[in-house]
Amino acid sequence: MMEGSSTSQPDISNLFEKDRFPKKTWQLVTLLLYSPLGLSLAIVRLFILVQAFVAFLILPDMTYARTVFLRAIGIVLGVVLHRENENERDNSAKVIISNKITCLDNIAIYLTSGAITWDLPSPLAWALGVLDTTDGRKPIVSKIKSKLENHTDSFLLQPEEATTSGRVGLLKFAPWSAKVSDTMQPLVIQVWRPRAMETSADVLGASTFFNVFWFLFTPFTVFKLKYLPAISREPNESDEDLLGRIQSSIASELCVSATKHTAADKAEYEKLYLLECRRPVLVTGDPTALARPEIQRMVFQVAEVLPHVPMDVIIYDICRTHSIDLTISNILEGSIPFTPIPELRRAEPRQTPVPSRSSPPVVQSLSQGQGQMISFMERKAKLIADARRKYIEKHGLVDAWAE
Amino acid sequence: MAGSALRRLMAEYKQLTLNPPDGIIAGPINEENFFEWEALITGPDGTCFEGGVFPAKLIFPPDYPLSPPKMQFTCEMFHPNIYSDGRVCISILHAPGDDPMGYESSAERWSPVQSVEKILLSVVSMLAEPNDESGANVDAAKMWREDREEFNRIAQRIVRKTLGIPT
């Protein structure tokens, strides 16, 4: 690996933006003050977009219409291009290879270089007649190749296949991208928004729709584009080495590390992250529900079966499902994450099965409430005690222990 | 594999806790290990084991419910179908195919549709009606056939022992 790629890999959890909103109070305040304007702006822009789209569908001349349409989208979305070194564009390299920050990177790059891509949101891709991606990756490589041979157009690859924040690390480049061309020009993208209302352009777990909405909401989004010297495959260089070189050159330009995490890793992490976000922390909702005896009874029954599950988790789910069976299977199937109660707290006062005449443990533990259930131990003790009492009564014995 | 076993065992534990059969309690000895259970079985009324509460241990294999668990009484037992070390010899605990005694029909063998509850109920009926053809404990089988009175006396002694009542 080259310089810029640090020796220790950053954890995958650090590679993405997780908060849409800025952290500083003054930024939040401006954002709040701006929001009525932002919303109206978003609505107006949305209408223009729809109109442009319809007009584009009607216009017959494909190439011309496409240019106009994409420029319109660029303006309407508030895409501001900050071209660092446009004259560095090396026309011998037809393929531009770049990192991926937002879902609209490709529009920004198209506006500056005319490089097309197939990786557009699907209605756009369909309308623009760009490559059909439905039949898997392999044919795409050959399709791109034939397109490159027939046209002078340049082509954009974003082999990370998923967005990152561009501040910590790059995802591993998909191996198929090396097959497209032997000479590729790396392009570094950085994205920022006005400080005063700095929202993240792409947030982990957010849908494309919301990401685009924030483009419409924010007055403008700056895309800083910087070409790096074109990289050609050296004799006998493997795909992996070639991509590694390109990844490192982009990474060192961004001062981030080139990681081995793939887009699939991101998808996996995203799932986990979303699950974590939905985790119930405290009892919310109807506070009177708890007072209802049948809810209480159900909660105790569930807690009896699953003593390691915290009460608040059970209460939360019971209030939702109103069914013991549903809640137990929810918990067992892992659809409700929770931190198990450690053994120590559960195993409090628990006597050895000393037979007693009455059955106070039941009453006691119920009145003690929280966490202290009729444990398995206590039920066993009760069974033995009852059997013993019955036996003594039946055989008319004197209970030596009770005396 | 162990995951589905664990899930199944949790579900069975839940079932046994919510609707416990009369006189039977069963559950994991400690919640860290769901593959080792303890069970208490009450001797059925009207039999020589009436009133006794017999503790037993159930050990589940990692591929449960494909393979049956093993069951062993942890108290003293004297019964034709229980080995002297407490192991229970009963057809529902044998997978079809392994038939140590060669007399069991495969209909009453272990299969994944059986459950802990069914095992325990079978054990209860085994206590009530020993099968003296299976010689897990030959002495007990012989005494059951030939000297029922002595057998009942021993059973009574065991019952009292499990209840902590001096004989």
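Residues numbered from 1 in each chain as written. Chains lettered and ligands numbered in written order. Predicted model: local features only at pLDDT ≥ 70, side-chain atom pairs only at ≥ 80, totals over all residues. Heavy atoms only, no water.

### Points about the overall build of chain A
Of the regular secondary structure elements, chain A holds 14 helices and 8 strands. Within the span of chain A, comprising 403 residues, buried residues form 46% of the whole. In chain A, 77% of the contacts between residues at least 6 apart in sequence involve partners at least 24 apart. (Helix = DSSP H or I, 4+ residues; strand = E, 2+ residues; numbered from the N terminus. Buried < 20%, exposed > 50% of the residue type's maximum accessible area, 1.4 Å probe, protein only. Contact = heavy atoms within 4.5 Å.)

### A closer look at the interface of chain A and chain B
Each partner contributes residues to the interface: chain A has 24 residues there, and chain B has 26 residues. Where chain A abuts chain B, roughly 2,500 Å² becomes buried across the two surfaces, and 64% of that area is made up of carbon and sulfur atoms. Among the residues chain A hides against chain B, the three largest losses belong to A:Phe376, A:Leu383 and A:Tyr391. Together they make up 26% of the total. Taken together, the connections running from chain A to chain B amount to 2 salt bridges. Among the ionic pairs, A:Lys380 bridges to B:Glu38, the shortest N-O distance being 2.3 Å. Those elements that provide at least two residues to the side of chain A that touches chain B are α9 (293–305), α11 (324–332), α12 (343–346) and α14 (376–395) of chain A. Per-element accounting of the side of chain A that touches chain B gives the leading share, 11 residues, to α14(A). (Buried area = accessible area lost by both parts, 1.4 Å probe. Salt bridge = Lys/Arg side-chain N within 4 Å of Asp/Glu carboxyl O.)

### A word on the side chain of A:Gln185
Residues and elements named next belong to chain A. By the element assignment, glutamine 185 lies in strand β5 (residues 183–192). For glutamine 185, a relative accessible area of 0% translates into the label buried. A polar atom in the side chain of glutamine 185 sits 3.0 Å from the backbone oxygen of leucine 228. For glutamine 185, the residues in contact, after removing those within four places along its chain, are Glu88, Arg89, Asp90, Ala93, Val95, Ile96, Ile97, Tyr227, Leu228 and Ala230. (Polar contact = N/O pair within 3.5 Å; in protein donor to acceptor, adjacent residues only side chain to side chain.)

### Looking at the UniProt feature "active site" (unreviewed entry) in chain B
Taking the UniProt record as the reference, the feature "active site" (unreviewed entry) is found at B:Cys89. Relative to the elements of secondary structure, B:Cys89 occurs in the loop between β4 (70–73) and α2 (116–128). (UniProt positions renumbered as here; feature names shortened; annotations may be inferred.)

### Let's talk about the pairing of strand β2 (residues 33–42) of chain B
A regular strand carries its side chains on alternate faces of the sheet. All names here are of chain B. Across the 10 residues that make up β2, a large majority, 7, are buried. Inspection of the sheet shows strand β1 (residues 24–30) paired to β2 by 6 bridges, in the antiparallel sense. Note on β2: the bridge partner recorded for isoleucine 24 is isoleucine 41. Joining the antiparallel neighbours β1 and β2 is a turn of 2 residues. (Pairing = 2+ DSSP bridges.)

### A short note on the environment of A:Ser181
Residue and element names in this part refer to chain A. Position of serine 181 relative to the elements: it lies in the loop between β4 (169–170) and β5. In this structure the C-alpha to C-alpha distance between serine 181 and serine 232, which are 51 residues apart in sequence, comes to 8.8 Å. A polar atom in the side chain of serine 181 sits 3.1 Å from the backbone oxygen of threonine 183.

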